[in-house]
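Listed below are the residues making up each chain.
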There are 2 protein chains.
Amino acid sequence: MYARITAGIRKAILSGQLADNSRLPTNRELANLLKIDRSTVSRAYLELSQSGFIDSHVGRGTFVRPLAQRSAPRPTESNIEALSDSALNWSDKFSESSRTSLDLISRQPAGTNQHDMISFAGGIPTEEFYPNDQFQRIVSQLLKSEHAAEMFGYSAADGSPYLRAQVKSHLQSHGIECGDDELLIVSGSQQGIDLVTNVLVDPGDLVVLEDPSYFWAICNFRARQARCLPVSMDDDGIRLDLLESYLSRQKAKLLYVMPSFQNPTGATMSLPRRMALLELAKKYQVPILEDNFVGDLVYRDTPLPPLRSLPGGKDVVIHQGTFSKALCPGLRLGWLVAPPEVTARLLLAKRTSDLSTNSIAQIILAKYLEEGLYSKHLEHVRLCYRNRRDAMLTALSRHLSGRFSEFTDGDSTKFGDRTRFDSDVKSGDGTKLTWSNPDGGLFIWAKLPKGLSAREFLTFAEMQGVSFSPGDMFFLNGGHSEYFRLCFIQTEESIIEEGIQRLARAMRSYLQTVARSSLSELSGGARVRNNVLI
Amino acid sequence: MYARITAGIRKAILSGQLADNSRLPTNRELANLLKIDRSTVSRAYLELSQSGFIDSHVGRGTFVRPLAQRSAPRPTESNIEALSDSALNWSDKFSESSRTSLDLISRQPAGTNQHDMISFAGGIPTEEFYPNDQFQRIVSQLLKSEHAAEMFGYSAADGSPYLRAQVKSHLQSHGIECGDDELLIVSGSQQGIDLVTNVLVDPGDLVVLEDPSYFWAICNFRARQARCLPVSMDDDGIRLDLLESYLSRQKAKLLYVMPSFQNPTGATMSLPRRMALLELAKKYQVPILEDNFVGDLVYRDTPLPPLRSLPGGKDVVIHQGTFSKALCPGLRLGWLVAPPEVTARLLLAKRTSDLSTNSIAQIILAKYLEEGLYSKHLEHVRLCYRNRRDAMLTALSRHLSGRFSEFTDGDSTKFGDRTRFDSDVKSGDGTKLTWSNPDGGLFIWAKLPKGLSAREFLTFAEMQGVSFSPGDMFFLNGGHSEYFRLCFIQTEESIIEEGIQRLARAMRSYLQTVARSSLSELSGGARVRNNVLI
């Protein structure tokens, strides 16, 4: 039924029968008109919205998106090949790497273009903290200084000496001492990962990582045709009992971890776990890539030392960090610290990939660091982001801590019947939303009671004007559909409060739909399915 | 003998017997002292200079380089593994890709750190033309404009819309029309090559390229474990008779060409050859990567159209260009134009490699292009670089056009005996230096008579205070040791004249050494070898 509605409206839009910007009937109106359930209309509208035909604006209604603004559909194996009408049959030319990437990217939600959307998805620092004024002054000064020519010429492949000196002192503040032959400036963390994979991983090699992990790291390892081995985490970080049992049986080429404020869980590896992990890496001769992507965004007094700074860390750890999260991502600047023989290899991989890092951003950042402005910036954003984290935690408690049966307006029995919570739900009693309380970084990790799906929840959330990242995309083998990730740094406290209220409204309508849908399926004799909507 | 001298001096330096900055005897003094040939002393001094122990300054003498300035030796398989003293045995961890890169990089000459060196090596536009003042004004304006936030946030993965629009109109000036789904902004040409390889080439796949070709492209293809097939060139470009005979027997995944002002030869593919190449690519279903790295540096009135702009080009060509050569390399900005289905794949590879391109440089360049300043800049540099090309051609004619026997001070018979020129010398009569006359770009390609070696010549050139790139590094399988590459854009006319004079002096001493060495070997009953010095 919903498919028929979707197709009908799509046809009407494409034929011009429904003009650009014309208003569609509300869910209720269309449901009444067609004598169908509102959830069926919702699903049709969602699909149309995701494929770029319509826009829903909370409180204003649903409109036909103007032709010029219709987003290109997300590329998938089938629709990008359909684009082909050329003398060359490209489709049989693509590498395994490219096929793998295309497969993985489909995990990303399509997202919507709504203007009033409150986004807890992604993980991007906000413009309000970008150091525009300071950079403006710095650029003016630099262009009149002896550094001017450096800003436009090729940088040394291992980075501008000016920036390298500054990054070295910054690293010292994290307890990391490194020699000139142990440091490489890179174009952001993602390039760091790419270079390390390049230098250590051949197709078919084993890469071990926390499960869940950083989406683009998974993509990178997979695109290089690595075999990826997911290792579950507990409250102290990656589970070493599991890790050792794997490593004792298979030779791994790389272990990728984010010990502090992990993406997506926000979790921090305990100090004893860090020490034991280094021992294990040494015992089984596995290099560790320590991704310290939010090492500067700490909201407690005593941050834990990076693996690289611990005894023995120098030998087995490649340490990486970035200015993208704590300062601004447009610089595309990060660093790798590795033993000299590894750094020499990474440097060659860097030259083969893109010769060198952009010079302008390096020189600007070097001066910014030299003037001590980064430290001041960190003091400021740490405070702001801590407040935002607290605001989100408070709002979650205020609006989403009830038992889910309370949301269903009396349909609690049906809802309770359907979800069949099992003992696998780690925290809470399986009838509530649960979430983490991170010590730093960007993310709160949340979990629905088993039987509910974060992807389904997201469709309702986007209709209410709020978004987040569904958790299944971060798990190596997918699944775990009850998890989702909330980024708390992107919006100020009042918007966070409003966003979590929207999330609560979305939860209410999700649960009601689930209850109604379970009821109707039950009454129609159908069996209760795990995923009701999609 | 030379090895004993080298070892003795090295030991004296390391033991402190020869203090930092102390002056060594001249060639003549030491030769007289030890009663040996001056060429033996030269060779010892060269080796010490290349390994970073001493510096030679033309006219001032040779000095012990201070410890702090001694450059780290070039990384090689053996010396970087010798660095290892860690708990992890890294040496068995490295990928095939990394091993391949390390092998190839050893082709690069070590270079020297001499201050007064005139460099015709490399291919880097000079600081004097960097648009410092304009960029300074532009940055100030941008930071107060609506573009400010864009400069520090993540750029869209396919590039800033602002820059994309400007690049599209720039491409139109080259006859290239491309849609929004056919354009990708990349971090310079090298990343363009890396992404195309990523998307099209699996380990073991065949990549066909002109021989000789761009050094870092060869490195990139090899590092991805491609099989590389070199195809010789003639006056019209890559030889299609050879190409077709290869393609008819083997399935190639990529054909990499630089049709205009090729690196290293400076040669331009004729229009009929361009048309025929496209036909061949279609017939054998081989994608072409057209690297138009100096498309804007044309020194004649009517540049030839890029492959992408010719009939049928749209279907089989991935076109790439860069602002690194015509404007300045520190921006790290270039572009790829490809069919939509390919662009979608390249975009994913880009995100997996480094997420997105640095924003600051993109926005600055966009405004620079929008204001029409790039066109004005091109008018200016085209004129300057054409003058420099002419100056180098004139100086070569003036100082290096004689028969080589004229340089040898009467030893011409011995020299003539030794070189045994064969019919393979393409231009000239095999007794002279020959060189190309490029219509654009950066390079003049020169050829010694067969039997002489550009690497040997380089050692003499560096002693005279001038450098160039030995040609063998650009040939896929090495060899062709008689070729070398001169970059004419890096130095103004008077310096070019001085540099070519130094080159002529170096040639004289090279030929004298060869003649003497041949003579002494002949008189000692030894057979004449092809490579006398190294």
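Scroll up a little and you will see the structure.
Residues numbered from 1 in each chain as written. Chains lettered and ligands numbered in written order. Predicted model: local features only at pLDDT ≥ 70, side-chain atom pairs only at ≥ 80, totals over all residues. Heavy atoms only, no water.

(A) Focus on the overall build of chain A. Secondary structure assignment for chain A yields 18 helices and 17 strands. When burial is assessed residue by residue, chain A has 61% of its 534 residues classed as buried. When contacts within chain A are restricted to residue pairs at least 6 apart in sequence, long-range pairs at least 24 apart make up 75% of them. Here chain A displays about 20000 Å² of accessible surface, and carbon together with sulfur accounts for 49% of that area. (Helix = DSSP H or I, 4+ residues; strand = E, 2+ residues; numbered from the N terminus. Buried < 20%, exposed > 50% of the residue type's maximum accessible area, 1.4 Å probe, protein only. Contact = heavy atoms within 4.5 Å. Areas by Shrake-Rupley, 256 points an atom, 1.4 Å probe, with all protein chains shown as cover.)

(B) Spotlight on the pattern of salt bridges. Residue and element names in this part refer to chain A. Taken as a whole and judged by the stated rule, the model has 48 salt bridges over all chains. Between glutamate 244 and lysine 283 there is a salt bridge whose closest N-O contact spans 2.8 Å. Residue glutamate 244 is located in helix α10 (residues 240-247), and its partner lysine 283 is located in helix α11 (residues 271-283); the two are separated by 39 residues in the primary sequence. For glutamate 244, a relative accessible area of 26% gives the class partly exposed. In this structure lysine 283 comes out as exposed when scored by relative accessible area, which is 55%. We note a salt bridge from lysine 350 to aspartate 354, for which the minimum N-O separation is 3.2 Å. Residue lysine 350 and its partner aspartate 354 are both found in helix α13 (residues 340-354); the two are separated by 4 residues, about one turn of the helix. (Salt bridge = Lys/Arg side-chain N within 4 Å of Asp/Glu carboxyl O.)

(C) View of the sheet that holds strand β13 (residues 434-435) of chain B. Residues and elements named next belong to chain B. Read from one edge of the open sheet, 4 strands run β13-β14-β17-β16, paired in antiparallel fashion. Where the open sheet ends on each side, the last strands, each with one partner, are β13 and β16 (469-470). Bridge count for β16 against strand β17 (residues 483-487) is 2 bridges, and the pairing is antiparallel. If you follow proline 470 over to β17, its bridge partner there is phenylalanine 484. (Pairing = 2+ DSSP bridges.)

(D) Quick look at the interface of chain B and chain A. Contact with chain B, which involves 91 residues of that partner, is made by 92 residues of chain A. Carbon and sulfur atoms supply 60% of the area that chain B and chain A bury against each other, a total of about 7900 Å² over both sides. On inspection of chain B and its partner chain A, the count reaches 0 salt bridges. Where chain B packs against chain A, one counts 40 residue pairs in polar contact (both at pLDDT 80 or more). (Buried area = accessible area lost by both parts, 1.4 Å probe. Polar contact = N/O pair within 3.5 Å; in protein donor to acceptor, adjacent residues only side chain to side chain.)

(E) Up close: the relation of the copies chain B and chain A. Overlay of chain B on chain A (RMSD 0.2 Å): rotation 180 degrees, translation along the axis 0.0 Å. Each copy turns onto its partner about a two-fold axis. Comparing interface residues between copies, 100% of those in chain B also lie at the interface in chain A; the contact surface is shared. (Least-squares fit on C-alpha atoms with pLDDT ≥ 70 in both.)

(F) Summary view of the sheet that holds strand β14 (residues 443-447) of chain A. All names here are of chain A. Judged by pairing direction, the sheet is antiparallel, and its 4 strands sit side by side in the order β13-β14-β17-β16 without closing on themselves. One side of each edge strand has no neighbouring strand; the edge strands of this open sheet are β13 (434-435) and β16 (469-470). Sheet topology note: the β13/β14 ladder contains 2 bridges and is antiparallel. Across the sheet, residue tryptophan 435 finds its bridge partner in β14, namely alanine 446.

(G) Spotlight on helix α14 (residues 359-370) of chain B. Taking 1.5 Å of rise per residue, the 12 residues of α14(B) would be expected to cover 16 Å, and the 16 Å separating its terminal C-alpha atoms lies within 8% of that figure. Three or more residues of α14(B) are buried, namely Ser359(B), Ile360(B), Ala361(B), Gln362(B), Ile363(B), Ile364(B), Leu365(B), Ala366(B), Lys367(B), Tyr368(B) and Leu369(B). Next to the buried residues of α14(B) lie α14 (359-370) of chain A together with α6 (132-143), α7 (161-172), β5 (183-186) and α15 (373-400) of chain B. If you check the start of α14(B), you find a side-chain oxygen 3.1 Å away from the backbone N of Ala361(B), and it comes from Asn358(B). Taken from the residues just after α14(B), Gly372(B) is the one with a positive phi, measuring 75 degrees. (Expected span 1.5 Å × (residues − 1).)

(H) Quick peek at the packing of aromatic side chains. In the structure shown here, the tally under the stated rule is 36 aromatic pairs over all chains. Aromatic pair Tyr130(A) and Phe152(B): ring centres 6.1 Å apart, planes at 70 degrees, arrangement edge-to-face. One end of the pair, Tyr130(A), is in the loop between β4 (118-119) and α6 (132-143); the other, Phe152(B), is in the loop between α6 and α7, on a second chain. Ring centres 5.1 Å apart and planes at 70 degrees place the aromatic pair Phe135(A) and Phe152(B) in the edge-to-face group. On the criterion of chain membership, the pair formed by Phe135(A) in helix α6 and Phe152(B) in the loop between α6 and α7 is interchain, its members lying in two chains. Looking at Phe135(A), the relative accessible area reads 1%, which means it is buried. Over the ring of Phe94(B) we find Arg345(A), and its NZ or CZ is 4.0 Å from the ring centre. Looking at Arg485(B), its charged tip hangs above the ring of Phe443(B), at a distance of 3.8 Å from the centre. (Phe/Tyr/Trp six-rings, centres within 6.5 Å; stacked < 30°, edge-to-face > 60°. Lys NZ or Arg CZ within 6 Å of the ring centre and 35° of its normal.)

(I) Summary view of the side chain of Thr265(B). Residue and element names in this part refer to chain B. Mapped onto the elements, threonine 265 comes out in the loop between β9 (254-257) and α11 (271-283). The buried category is assigned to threonine 265, whose relative accessible area is 9%. Looking at threonine 265, its side chain comes within polar contact range of the side chain of glutamine 262, at 2.7 Å. Looking at threonine 265, its side chain comes within polar contact range of the main-chain nitrogen of alanine 267, at 3.2 Å. Ignoring any residue separated from it by four or fewer positions in sequence, one finds threonine 265 in contact with Pro212, Met233, Ser436 and Trp445.

Keep in mind that these numbers describe shape and distance, not what the molecule does.
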